[in-house]
Amino acid sequence: MRFSSSRPDKSRRLQPRWWFLLALAPVVIVLAYVAMRPTSVRVLSYGQFKKKLVARQIKSVRVGSSELLGELTEPSKDGLREFRVSRVGLERDDQLPALLDQYVPEGAYEADSGPGVIQNTLLPGAVLAVLLGGLYLVARRAGFGTAMAFAKSRHKMYGEGPDRVTFDDVAGIDEAVGELQEVVGFLKTPEKFRKLGGRIPKGILLVGPPGTGKTLLAKAVAGEAGVPFFSLSGSDFVEMFVGVGAARVRSLFAQAEEKAPCLIFIDELDALGKARSGGGSGGQDERDQTLNQLLVAMDGFDSNRGIIVMAATNRPETLDSALVRPGRFDRNVTVDRPDIGGREQILRVHVKNVPCSDAINLRNIAAMTSGFAGADLANLVNEAALMAARAGKESVDHLDFERGFERIVAGPEKRQRILRTDEVRRIAVHEAGHALIARSLPGLDPVHKVSIVGRGGGLGGFTLSLPEEDRFLHTGTWLKNTIGMLLGGTAAEELIYDGEISDGATSDLQRATQIARRMVTDFGMSPALGRVSYQGENRSPFIPGGSSVEASWSEQTAREIDLEVRRILDGCLDTTRSILSRRRAALEAITEALIARETLDAAELNDLLSDDWA
Ligand code: ADP
Ligand code: MG
Ligand code: ZN
């Protein structure tokens, strides 16, 4: 996507040579000032001067404000006649005037104001002025001040042409597209809407997890309507200098008024629109000011003139409530992760530019990518294409997609890493434990692949379970079984190695604990704590752990939560342990097969377990 950007920033039009001269001017002046000072003088200490004075070796003296200048009767050894005595000592000696009267020849003693008015006041003044002037210009260029030219320079304009984005480029989020069709209609023919007296929303907020296509949608709306598109990111408004962000907002809306009908798009609105707080640091002040200006600007224009403000965020819970009041961002469009059909369509959009083999079944690929957002799918297509290119193939086939998928979810294979034989065995035991539990506990996603080939991210091996269909609801039993599966790796190590486990399973333990904690605090699944939500406020619906949870319960309750989490984990671990000891033979069979073949797929696992089901 390329957008031609217009940069009507005046200060940028200054030629580089001018800059050079301007920067040089103060230096030249300072040099000249220094050069004008008498340089060929002897510097005397006050003591030396006094001695010479008494010895009548001094012909004339001028007492300046900061120093004492004079001429010797005879040039000294180095041929210098003039001398200078620095101020130190001059003032404290009140005999000096008398001494001068006595020893300096009549008329050759004067007390003036030193180097003269020009040198003393005008010149430094001029230097200072030039320096300040230069500084101002440089600072302006760097973004200081509220110059309109500067404030204007950030947005991108929509460029017509081949990289125009349309709704055809957006797939799998039909509801969101449907809601925005109306906006396109309005931007195309505002008169029609005005005649009917319909009220068009001023602000539309696209809300959804990262990578679901919010930015893409905004571009598509502009592309479909064929109107100018002012695109800015929320962080563009937040500058170091107070007032710049607000100036940018003013300038943005002023330009939009000229270009109406048009679309203003503020990406990552949360960077700018976080709830205002009293007090705070300088950066906070600046953001508050910018936000206030945005509120004022949104109130100030009439949407019937054909300006629509769109914004996107994945942290709607952090937005200032004033932003989402009627007359501002009063319409929310949710852009959710796509379902299986949506994923298939998104894949279809992205494989258009990639030569694929005929046998490829996008439905299957969509089925294995539950939870992927549009951006993840675009990435998957790209990874698959890279895999094919690496293998020197003409087109991308299903295997490439599988490889690309594994690379995305588990990181790249680490075949080069050399493991000790006992480490290989331990990893095999661990993964066999996961796989066996996943197969034994009812309702869990079927195991797609087990491997002991190392992946990035510190995993020894991996066990990949894939859902057959998207799952939207999880029962308490399913959650517990999942915990049991996550604990299966270490439990197997424990069983085979007489209670000794390794440190290779931190993320298993982390995930298991996370699930158990949410069962207690979010899902009301702990009988001891009751059907109560212990969620903190402002929890992000899209980003797990996205914001700090402010405890609004007692320490006693916090302790009970911890105990309950512990109880759930212990219970799941017990179940897992008993399954593994009961099916120890199967566990060992999988372990040996893994050591021999490194990777097992679902069918091979089935074969191994076929006579064990009894
Ligand atoms: P967001 O702004 O929601 O974080 P983006 O719009 O930046 O997500 O999406 C990033 C990229 O992912 C897009 O440029 C596009 O290639 C791809 N993408 C995301 N969602 C979709 C979608 N619904 N249809 C097609 N491509 C998508
Ligand atoms: Mg975005
Ligand atoms: Zn594990």
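Keep in mind it's a predicted model, so treat the numbers as computed, not measured.

Q: Report on the sheet that holds strand β12 (residues 462-465), specifying residues and quantitative values.
A: Strand order in this open sheet of 3 strands is β12-β11-β13, and the pairing throughout is antiparallel. Here the strands that pair on one side only, and so sit at the sheet edges, are β12 and β13 (599-601). Between one strand axis and the next, the sheet turns by 10 degrees as a mean value, whatever way the strands run. Looking at chain direction, strand β11 (residues 447-451) and β12 are connected through 4 bridges and run antiparallel. Bridge pairing links V450 to T463 in β12. Across the sheet, helix α15 (residues 398-410) lies against β11 and β12, angled at about 115 degrees from β12, the strand it touches most. Where helix α21 (residues 602-609) meets the sheet, its contacts fall on β11 and β13, and the angle it forms with β13 comes to roughly 85 degrees.

Q: So what's going on with the site of ligand 1? Residues and values would help.
A: Near ligand 1 lie 15 residues; those nearest to it are A171, G211, K214, T215 and H350. T212 places a main-chain nitrogen or oxygen 3.2 Å from an oxygen atom of ligand 1. The separation between an oxygen atom of ligand 1 and a polar side-chain atom of K214 is 2.7 Å. Against a free-state accessible area of 550 Å², the protein chains account for coverage of 80% of ligand 1. Only α8 (214-225), α12 (340-351) and α14 (374-390) provide two or more residues apiece to the shell around ligand 1. A breakdown of the residues in the shell around ligand 1 according to their chemical character gives 7 nonpolar, 6 polar and 2 charged. Looking at the shell around ligand 1, you find at least three residues from each of domain 2 (156-334) and domain 3 (340-410).

Q: Could you give an account of the packing of aromatic side chains, naming the residues involved and the relevant values?
A: Summed over the entire model, instances satisfying the criterion amount to 2 aromatic pairs. The interplanar angle of 15 degrees and the centroid separation of 6.0 Å between the aromatic rings of F229 and F265 together place this pair among those described as stacked. Of this pair, F229 sits in strand β7 (residues 229-233) while F265 sits in strand β8 (residues 262-267), and the two are 36 residues apart along the sequence. F265 carries the same exposure label as F229, and that label is buried. Seen in terms of ring centroids, F372 and F405 are 5.7 Å apart; in terms of plane orientation they differ by 35 degrees. Their pairing is tilted. One end of the pair, F372, is in the loop between α13 (362-368) and α14; the other, F405, is in helix α15, and 33 residues separate them in sequence. You'll find F372 and F405 in the same group, each marked buried. One cation-aromatic arrangement involves R426 over Y497; the distance from NZ or CZ to the ring centre is 4.1 Å.

Q: So what's going on with the coordination of the zinc ion (ligand 3)? Which residues, and what values?
A: With distances of 1.9 to 2.1 Å, the protein atoms coordinating the zinc ion (ligand 3) are H430 (NE2), H434 (NE2) and D508 (OD). Each donor residue of the zinc ion (ligand 3) lies on the same chain, and together they follow the pattern H-x3-H-x73-D. Placement of the pair is H430 in helix α16 (residues 421-440) and D508 in helix α18 (residues 506-521), with a sequence separation of 78 residues. A single burial state applies to H430 and to D508, both of which are buried.

Q: Explain the nonpolar core residue by residue, including any values.
A: Nonpolar side chains tend to gather and get buried jointly when the protein is soluble and globular. If you look at the biggest cluster of nonpolar residues, it comprises 43 residues, and the most contacted ones within it are L436, I483, I568, L580, I590, L594 and L605. When residues of this core are traced back to their parent elements, those giving at least two are α16, β11, α17 (476-496), α18, α19 (555-582), α20 (584-597) and α21. Non-local contacts of I483, meaning those with residues more than four positions away in its chain, are made with A512, I515, A516, M519, I568, L569 and C572. Counting 30 residues, the second largest nonpolar core, distinct from the first, contains F186, I200, L217 and F265.

Q: Quick rundown of the packing of α17 against α18? Include the residues and the values.
A: The interhelical angle for the contact between α17 and α18, taken along N-to-C directions, is 160 degrees, at an axis separation of 9 Å. One way to sum up the angle between α17 and α18 is to call them roughly antiparallel. In the packing of α17 onto α18, the handedness of the crossing is left-handed. Of α18, the residues touching α17 (which contributes G476, L479, K480, T482, I483, L486 and L487) are D508, L509, R511, A512, I515, A516 and M519. For the contact of α17 with α18, the class distribution of residues is 9 nonpolar, 2 polar and 3 charged.

Reading the values: rules and limits
- Residues numbered from 1 in each chain as written.
- Chains lettered and ligands numbered in written order.
- Predicted model: local features only at pLDDT ≥ 70, side-chain atom pairs only at ≥ 80, totals over all residues.
- Heavy atoms only, no water.
- Pairing = 2+ DSSP bridges.
- Helix = DSSP H or I, 4+ residues; strand = E, 2+ residues; numbered from the N terminus.
- Axes fitted to C-alpha atoms, helices over the stretch in contact; angles between N-to-C directions.
- Contact = heavy atoms within 4.5 Å.
- Near = heavy atom within 4 Å.
- Polar contact = N/O pair within 3.5 Å; in protein donor to acceptor, adjacent residues only side chain to side chain.
- Areas by Shrake-Rupley, 256 points an atom, 1.4 Å probe, with all protein chains shown as cover.
- Nonpolar A, V, L, I, M, F, W, Y, C, P; charged D, E, K, R; others polar.
- Domains from an automatic or database assignment.
- Phe/Tyr/Trp six-rings, centres within 6.5 Å; stacked < 30°, edge-to-face > 60°.
- Buried < 20%, exposed > 50% of the residue type's maximum accessible area, 1.4 Å probe, protein only.
- Lys NZ or Arg CZ within 6 Å of the ring centre and 35° of its normal.
- Donors = N, O, S within 2.8 Å, 3.2 Å for Na, K, Ca; no water.
- Core = buried A, V, L, I, M, F, W, Y, C linked by side-chain atoms within 4.5 Å.
- Parallel < 35°, antiparallel > 145°, perpendicular 65-115°, else oblique.
- Left-handed = near helix turned anticlockwise from the far one by under 90°.

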